[in-house]
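# Structural features, examined
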Amino acid sequence: MSSLEAAANVTATATAAADQLVRRLLERGVLTPEWAEVFRAVPRSLFLPDLFWAYDLATGRSEPVDRHDDPVGWEEAAYRDIPLVTQWDDGQHTGTEPGSAGTSSASMPSVVASMLRDLDVSDGMRVLEVGTGTGWNAGLLAHRLGGANVVSVEIDPAVAARASDALTRAGLAPLVVEGDGRDGWAPGAPYDRVIATAGVRALPPRWLEQTRPGGTILAPWGTHYSNQDALVRLTVGEDGRAVGPFLRMVEFMKLRDQRLDWNLFRGHVKEFPGDADVSRTSVPLADLGDRYETPYFVTGLCVPDCAHVVNEGDSGEPGDAKAWFFDFRSRSWAAVVFTPGASDATVYQSGARRLWDEVERALTWWIDRGRPEYDRFGLTVDRDGSTRPWLDDPSDTLPFAEP
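From a predicted model like this one, the values you see are computed outputs, not experimental measurements. (Residues numbered from 1 in each chain as written. Predicted model: local features only at pLDDT ≥ 70, side-chain atom pairs only at ≥ 80, totals over all residues. Heavy atoms only, no water.)

It is worth spelling out the nonpolar core at this point. Grouped together as the largest cluster of nonpolar side chains are 53 residues, with contacts concentrated most on Leu-31, Trp-35, Phe-39, Val-42, Phe-47, Leu-140 and Leu-141. Of all the secondary structure elements, the ones that give two or more residues to this core are helix 2 (12-28), helix 3 (33-41), strand 1 (51-55), helix 4 (71-78), helix 5 (109-119), helix 6 (136-145), helix 7 (157-169) and strand 11 (242-250). If you tally residues by element for this core, the top one is helix 5, at six residues. Setting aside residues up to four positions removed in sequence, Phe-39 forms contacts with Val-22, Leu-25, Leu-31, Pro-109, Val-112, Ala-113, Leu-116, Trp-136 and Leu-140. (Core = buried A, V, L, I, M, F, W, Y, C linked by side-chain atoms within 4.5 Å. Buried < 20%, exposed > 50% of the residue type's maximum accessible area, 1.4 Å probe, protein only. Helix = DSSP H or I, 4+ residues; strand = E, 2+ residues; numbered from the N terminus. Contact = heavy atoms within 4.5 Å.)

Spelled out as structure tokens, the structure:
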């Protein structure tokens, strides 16, 4: 059965909803005309489980939507431009209430469309996808390029099996491989395009090895400073290195072996403030930035091997906020207590590495350079996976702080 025949089996309501979604995405410019018919032919609903959790962008809450209990609501949610969680806690979760951590999802249709636009495929190209998820993205690629030209790798056996079943029902036949996406899929190499649908903190060298010279790697990349990612589009050169710009801020579930384990820092602060050095800073909390803001991202680029979190009201003073910074390579840590209305904040630093000093220097450097936005930054990735962020030109590498 072809994907067009499979689409004909979708209800009239779903077909109308899919058409409306396509129109909205075209109007916003995230969906290009060459992908519009593909989106119509390969409806998102064909790849969704009977139970998923619709994510509310305004509240940050995930609400269960069960096809059996509410078929109309299920179809409506399937074609909304929102992310849908399809697995919690690596499959260990049961019940209808949200689990602790979402570990597989259907990305927002606008994100899927814009990434396919940026991937810039053409007939005859071979594509490696890392992170099959529901299988919808692989299905879109297979409809456009032919199943023989698409390989999708998924680490979770249950997720891979469900995606394979959905693709078969849709009449599409990309190769779905159960395996670790870090390794790519060498038997299908070289690829013209590699696309990751999971956030990465270190670009696996195998992806570079398996991309032909002149090929593109499109991936959500970031640092452990925060959970945010920036979509980077890299071109692989004849020397095996990859270079390219950041396009926009996104946020994806991370590759499983690259998730941040906060248990690493349990022994950093035995007591607070303990023997920490105390100083003051005039940097306000707002200058640290927030999710999807450039200073947040740039600080992560300039302060390597550092995790950061802001806790509201944990200092014992109403309205206070405490920003924490932890080093991956030592027991160094820093905390900054911000009091509303105060002209400065109290800084505590412990260990050989002065983490807050590095953060403050990074922010000062960014301000001195004219507060450049994230899309002026880029990344160079060497064949061994080591990275060098840069501003405007690969020769202008960022000033990494030394621990």
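Let us now look at the sheet that holds strand 15 (residues 333-338). Across the sheet, five strands lie side by side as 12-16-15-14-13; this open sheet has antiparallel pairing. Strands at the two margins of the open sheet, each flanked by one partner only, are strand 12 (277-281) and strand 13 (306-312). Neighbouring strand axes in the sheet, compared pairwise and without regard to direction, differ in orientation by 20 degrees on average. Sheet topology places strand 13 next to strand 14 (residues 321-327); seven bridges connect them, and they run antiparallel. Counted as the bridge partner of Val-309 is Trp-324 from strand 14. Here helix 10 (residues 355-368) sits on the sheet in contact with strand 12, strand 13, strand 14, strand 15 and strand 16 (345-350), set at roughly 105 degrees to strand 14. (Pairing = 2+ DSSP bridges. Axes fitted to C-alpha atoms, helices over the stretch in contact; angles between N-to-C directions.)

A separate point is empty space enclosed by the protein. What the rule picks out here adds up to one cavity of 30 Å³ or more. Here the largest cavity is characterised by a volume of approximately 40 Å³. In terms of lining residues, the largest cavity is bounded by Ala-18, Leu-21, Val-22, Phe-39, Val-42, Pro-43, Arg-44, Tyr-79 and Trp-136. For the lining of the largest cavity, the leading source of residues is helix 2, giving three residues. (1 Å grid on protein atoms, 1.4 Å probe; cavity = no way out; pocket = protein on both sides within 12 Å on 5 of 7 lines; lining within 4 Å. Points joined across faces, edges and corners; volume = space filled by probe spheres on them.)

This paragraph deals with the pattern of salt bridges. Inspection of every chain in the model, using the stated rule, returns 27 salt bridges. With a shortest N-O distance of 2.7 Å, Asp-396 and Arg-369 are connected by a salt bridge. You can see Asp-396 sitting in the segment after strand 18 (387-391) and its partner Arg-369 sitting in the loop between helix 10 and strand 17 (377-381), a full 27 residues away along the chain. Notably, a salt bridge pairs Arg-388 with Asp-382, separated by 2.6 Å at the nearest N-O pair. Of the residues examined, Asp-382 reaches a relative accessible area of 18% and is grouped as buried. Three or more residues joined by partner-sharing salt bridges are found here, namely Asp-90, Asp-156, Arg-256 and Arg-259. (Salt bridge = Lys/Arg side-chain N within 4 Å of Asp/Glu carboxyl O.)

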